[in-house]
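# Analysis of the macromolecular model
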Amino acid sequence: MRKVVDNYESSFNLNTQLERYFDQGPGATPLKRKTQKVVAAIIPSSPHEFTGVCSAWAYKDIGETPQPSTYVIMGNVRSSTLSEKAFISTQDLTTPIGAIRNDRTSVGKLLDNNFVINEIAHQDAHPIDVQLPFLQFINAESPNTFRVVPILTSTLNLDKLKQMAEKLAKLKDVIYIASSDLINYGPAYKFTFNYNPKQEVEALRTRLLEKITYLNTKDFVDIVQKSGVPFYGAAPIALLLETLRLKKVQNGKLLCHYKSAKNEDNFIDFASIVYNEA
């Protein structure tokens, strides 16, 4: 079992912190389960202190949808382990709130030349870990009934993405989560515009969000690669989009968007986007 390492002092403090994010974001914690079914979401991957309010918007919708048996969480691989393969973990996980079991049955269905087990890559899997307390919070009434499939990927090869998506789309009773921030902008991230920075960043953001919302994987990947924008979760987002296309999902809904700082010189974009069943 792998222990999630973060600045979580206790389950009480963590739950109190999560409640505060819901209050400051959507205004309330999830209410009763509804018939409308969320099948996937894109949720920020940076630490809760920066993204918790934004993440709460997506988790309110997820918390009000019928609970799946499994959450497939996709994050980006650290640059030191870049690969065209996707790395899966079979380990159970634990936070101060409690343990979360791995869905090894679903993992077994995915394993092939594209999906491989790599526990070393998952030793530092913050994009996965940051989602776990929220999942425990929204499933507090039945904490031992859901499982997770943690996946780390870095490929933007469209052929590989399509092959992986075919496997992922066959999984039953799951919600897919792509854990990713959006644009990283400024000298600190070695990405700037010279002429009209504010307008150019806004134009790039709008184009990216449009492609993400309407499941246009190819154009999304093209924009990321041609612009050179630091977009460290582009691969899990692209994999999610291809999976949802196979499941005939039409489009997503942007629930929240903001920047990490009011300073226009250096910032990270955060967004919560949900996709409902077709």
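Being a predicted model, the structure only gives us computed values, none of them experimental.

## Description of the overall build of the chain
- For the chain, the count of helices and strands is nine helices and 12 strands.
- On C-alpha atoms alone, the chain measures out to a radius of gyration of 18 Å, which is about the 19 Å that the 2.2 N^0.38 rule sets for 278 residues.
- Each principal axis of the C-alpha distribution contributes one length, and for the chain these read about 55 × 45 × 35 Å.
- Every one of the 278 residues in the chain was classed for burial, and the buried ones make up 51%.
- Sequence separation of at least 24 residues holds for 81% of the intrachain contacts in the chain that already meet a minimum separation of 6.
- As displayed, the chain has an accessible area near 12,700 Å², and 48% of this comes from carbon and sulfur atoms.
- Averaging the coordinates of the 32 positive side-chain charges in the chain and doing the same for the 29 negative ones gives two points 5 Å apart.

## As for the state of the cysteines
- This structure, assessed with the given rule, holds zero disulfides.
- Cysteine Cys54 is unpaired, with the sulfur of Cys256 as its nearest cysteine sulfur at 3.5 Å.

## With respect to the packing of aromatic side chains
- Here the structure, examined in full by the defined rule, presents 11 aromatic pairs.
- Considering the side-chain rings of Phe22 and Phe134, the 5.8 Å spacing of their centres and the 70° angle between planes classify their relative orientation as edge-to-face. Residue Phe22 is found in helix H1 (residues 11–24), and its partner Phe134 is found in helix H5 (residues 132–138); the two are separated by 112 residues along the sequence.
- According to the relative accessible area criterion, Phe22 is buried, its value standing at 0%.
- With a centroid separation of 5.3 Å and 75° between ring planes, the pair formed by Phe191 and Phe193 is classed as edge-to-face.
- According to the relative accessible area criterion, Phe193 is partly exposed, its value standing at 22%.

## Describing unusual backbone geometry
- The phi angle at Asp173 is positive, at roughly 55°, despite the residue not being glycine.
- Positionally, Asp173 belongs in the loop between helix H6 (158–169) and strand E9 (174–179).
- Positive phi outside glycine occurs at Lys248, with the angle close to 65°.

## A word on the side chain of Asn114
- Looking at the secondary structure, you find Asn114 in the loop between helix H3 (104–110) and strand E7 (115–117).
- Engagement of the side chain of Asn114 in a polar contact is seen with the side chain of Gln163, the distance being 3.0 Å.
- Each residue touching Asn114, except ones within four places of it in the same chain, is listed here: Lys85, Ala86, Lys160, Gln163 and Met164.

## Points about the side chain of Asp181
- Summarising the element assignment, Asp181 is placed in the loop between E9 and strand E10 (184–185).
- The charged side chain of Asp181 is buried without a salt bridge, its nearest counter-charge being Arg205 at 12 Å.
- At 2.9 Å, the side chain of Asp181 forms a polar contact with the backbone nitrogen of Ser45.
- In terms of polar contacts, Asp181 uses its side chain to reach the side chain of Ser46, at 2.5 Å.
- Contact partners of Asp181, with chain neighbours within four places excluded, come to Pro44, Ser45, Ser46, Thr51, Phe231, Ile268, Asp269 and Phe270.

## Here's the deal with the environment of Leu161
- Take Leu161: it is sitting in helix H6.
- Each C-alpha atom, one on Leu161 and one on Pro236, is 9.4 Å from the other, the two residues being 75 residues apart in sequence.

## Some details on the pairing of strand E3 (residues 70–76)
- Counting buried positions over the seven residues of E3 gives seven, a clear majority of the element.
- With seven bridges connecting them, E3 and strand E8 (residues 147–153) associate as parallel partners. Considered in E8, the bridge of Thr70 is made with Arg147.
- In terms of strand pairing, E3 meets E9 through five bridges, oriented parallel. Looking at the pairing, Tyr71 lines up with Ile175 of E9.

## Notes on the pattern of salt bridges
- Tallied over the entire structure, the rule returns 11 salt bridges.
- The partner of Arg2 in a salt bridge is Asp129, with the nearest N and O atoms 2.7 Å apart. Placement of the pair is Arg2 in strand E1 (residues 2–3) and Asp129 in helix H4 (residues 126–129), with a sequence separation of 127 residues.
- Looking at Arg2, the relative accessible area reads 10%, which means it is buried.
- Taking the relative accessible area as the measure of exposure, Asp129 reaches 6% and is therefore buried.
- Here Arg245 makes a salt bridge to Glu242, at a shortest N to O gap of 3.2 Å. Of this pair, Arg245 and Glu242 both sit in helix H9 (residues 234–246), three residues apart, which is roughly one turn of that helix.

## Details of the pairing of strand E6 (residues 98–102)
- Note: strand E5 (residues 93–95) against E6, three bridges, orientation antiparallel. Bridging across to E6, Thr94 finds its partner in Ala99.
- Adjacent in sequence and paired antiparallel, E5 and E6 are bridged by two residues.
- With two bridges connecting them, E6 and E8 associate as parallel partners. Each residue of the ladder has a partner; that of Asn102, found in E8, is Val148.

Calculation criteria
- Residues numbered from 1 in each chain as written.
- Predicted model: local features only at pLDDT ≥ 70, side-chain atom pairs only at ≥ 80, totals over all residues.
- Heavy atoms only, no water.
- Helix = DSSP H or I, 4+ residues; strand = E, 2+ residues; numbered from the N terminus.
- Rg over C-alpha atoms; globule rule 2.2 N^0.38 Å.
- Buried < 20%, exposed > 50% of the residue type's maximum accessible area, 1.4 Å probe, protein only.
- Contact = heavy atoms within 4.5 Å.
- Areas by Shrake-Rupley, 256 points an atom, 1.4 Å probe, with all protein chains shown as cover.
- Lys, Arg positive; Asp, Glu negative; His and termini not counted.
- Charge placed at Lys NZ, Arg CZ, Asp CG, Glu CD.
- Disulfide = S-S within 2.5 Å.
- Phe/Tyr/Trp six-rings, centres within 6.5 Å; stacked < 30°, edge-to-face > 60°.
- Polar contact = N/O pair within 3.5 Å; in protein donor to acceptor, adjacent residues only side chain to side chain.
- Salt bridge = Lys/Arg side-chain N within 4 Å of Asp/Glu carboxyl O.
- Pairing = 2+ DSSP bridges.

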